[in-house]
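Letter by letter, the chains look like this.
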Amino acid sequence: MSNELQNIKNRFGIIGNFPALNRALEKAIQVAPTDISVLVIGESGVGKEFIPKIIHSESRRKHQPYIVVNCGAIPEGTIDSELFGHEKGAFTGATATRKGYFEVADGGTIFLDEVGELPLQTQVRLLRVLESGEFMKVGSSQVQKTNVRIVAATNVNMMKAIHDGRFREDLFYRLNTVQIDMPPLRDRKGDIHLLFRKFAIDFAEKYRMPELELDPSAVHYIENYTFPGNVRQLRNLVEQMTVVERNRNVTVEKLAEYIPMETHLPMVVNTPNTPKQNDFASEREIMYKILFDMRSDINDLKSLTSELIKNRGAGDLSNHEKSLINRIYTPESQQAVNPNSLLYFENNNGPVQTPTIISNPDDSYEDVEDIEVEEHQPESLSLQNNEKDLIIKALEKHKGRRNKAADELGISQRTLYRKIKQYNLEE
Ligand SMILES: Nc1ncnc2c1ncn2[C@@H]1O[C@H](COP(=O)(O)OP(=O)(O)O)[C@@H](O)[C@H]1O
Ligand SMILES: [Mg+2]
């Protein structure tokens, strides 16, 4: 490893030796002296925020301002004014002219976190400032100039956001001149124990407790855990255990109480030995699992449907299609698909564009109505209830502080606001 990389790791307290992590950090060091826009992509909690800090500190802008903007946390109505400033009288409450971040950060760097959440009208302004360095305050017609380096980060699938019309393609390519991918923790198993030890030391010091230690079976367990919340989840886990656990030697059984491997909701919820204080952590874990399972089911459904549409309105199924159908529609994977239970409707105008799959009522496949009318699926209902419960718990835990609650839930503050409204949780 180069000295430079090691220095950066020491300076920022970055732990890990996994090649993909090293590559990401090295790329950041390499592009730092240029003014190239960088887009950091990675799941929530992987350490994306180190990248813009490294870039700024290794650039000639390092003595100029560094501003972090969490695009998901600023209400849609004020974000333009926050970023670009406003004129006095531009809107009700604009009692004085105000500078925006792009003016304040002139000469420095702006980190646009959760950039995928930017409203479309702000994306237009951002594109302009990226292309020409020009912007206008809200309510002003005077063009101003600024010289700002942009590093942006996202954990959303930008291609999908572009496809859905929520993100401008031209802006994406402008931001993404250089892309830095931060690998998820489950892909760098070797770093998990290192990180555990670092956090154990940090929190032992912070709470004046002896350090936690993993016994060998617990090391194996934790290295094979998927960590949907990545390093942030591991950090929270170690903090919680440092404070709560009396025994400093962490066994696999103890660890399993905090981060159960089970994937199905009823199995975990009904486990009598799940201690009360861990309910929140394990419920969140279950939520993550359900969401991941749902996402992969939806993807499978999409590819199945598109293959069917592409190939024909009716006809034989390929093996691949059968296996996809098996995975999607068969509750327990022991059952093989019965092609006779799949019918294709034809309408009067010839073959239908979208084939409909119905099941034989005598067999155990889920009824097609269950698939089409989502509200009738018990899982999606319980998901909603759980979501509401989790939000209430997170708000209680953080005494109503929404930024902390959103962080814990792994969602943006704007999403949290929306959900609070949706579930009528405002006091
Ligand atoms: N490699 C690492 N070494 C040490 N701490 C890390 C590492 N990666 C992430 N963290 C810590 O995990 C937490 C989440 O990181 P953050 O950069 O906020 O994630 P993201 O922005 O990707 O959601 C922070 O407390 C960060 O310091
Ligand atoms: Mg972040």
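None of the values given here were measured: they were computed from a predicted structure.

With reference to specific residues and values, describe the nonpolar core.
As a rule of thumb, nonpolar side chains are buried together in soluble globular proteins. One finds F102, I110, L112, V115 and F167 to be the most contacted residues of the largest nonpolar core, which totals 29 residues. No other element matches helix α6 (residues 120-132), which puts four residues into this core. Counting 25 residues, the second-largest nonpolar core is a separate cluster that includes F203, L212, V219 and Y225.

Quick one: what's the story with the site of ligand 1, residue by residue and with numbers?
In the vicinity of ligand 1 there are 16 residues, among which I15, G45, K48, E49 and R232 approach most closely. Contact distances for ligand 1 include 2.9 Å between an oxygen atom and a backbone N or O atom of K48. In isolation ligand 1 has 560 Å² of accessible area, and contact with the protein removes 86% of it. Sorting the residues of the shell around ligand 1 by element identifies α9 (189-207) and α11 (230-244) as the ones contributing at least two each.

I'd like to hear about the pattern of salt bridges, residue by residue, with values.
Throughout the structure, instances matching the rule amount to 16 salt bridges. The residue D164 makes a salt bridge to R166 at a minimum N-O spacing of 3.3 Å. With relative accessibility at 38%, the residue D164 sits in the partly exposed group. What makes R166 partly exposed here is its relative accessible area of 43%. By sharing partners, the salt bridges in this structure join D35, R60 and R61 into a single network.

So, helix α1 (residues 3-12): which residues are in play, and what are the values?
Residues of α1 that are buried: L5, I8 and K9. Looking straight down α1, one finds its buried side chains confined to an arc of 100°; they lie on one side. Counted as exposed and oriented over 90 degrees from the buried face of α1: N3 and N10. The secondary structure elements touched by the buried residues of α1 are α2 (19-31) and α3 (50-57).

If you had to explain the pairing of strand β1 (residues 38-41) to someone new, which residues and values would you point to?
With four bridges joining them, β1 and strand β6 (residues 149-154) adopt parallel strand pairing. What sits directly across from L39, in β6, is A152. Of the strand pairs in this sheet, β1 and strand β7 (residues 178-181) are connected by four bridges, and their pairing is parallel. Bridge pairing in β7 links V38 to V178.

Rules behind the numbers
Residues numbered from 1 in each chain as written. Chains lettered and ligands numbered in written order. Predicted model: local features only at pLDDT ≥ 70, side-chain atom pairs only at ≥ 80, totals over all residues. Heavy atoms only, no water. Core = buried A, V, L, I, M, F, W, Y, C linked by side-chain atoms within 4.5 Å. Buried < 20%, exposed > 50% of the residue type's maximum accessible area, 1.4 Å probe, protein only. Helix = DSSP H or I, 4+ residues; strand = E, 2+ residues; numbered from the N terminus. Near = heavy atom within 4 Å. Polar contact = N/O pair within 3.5 Å; in protein donor to acceptor, adjacent residues only side chain to side chain. Areas by Shrake-Rupley, 256 points an atom, 1.4 Å probe, with all protein chains shown as cover. Salt bridge = Lys/Arg side-chain N within 4 Å of Asp/Glu carboxyl O. Arc of directions from axis to C-beta. Contact = heavy atoms within 4.5 Å. Pairing = 2+ DSSP bridges.

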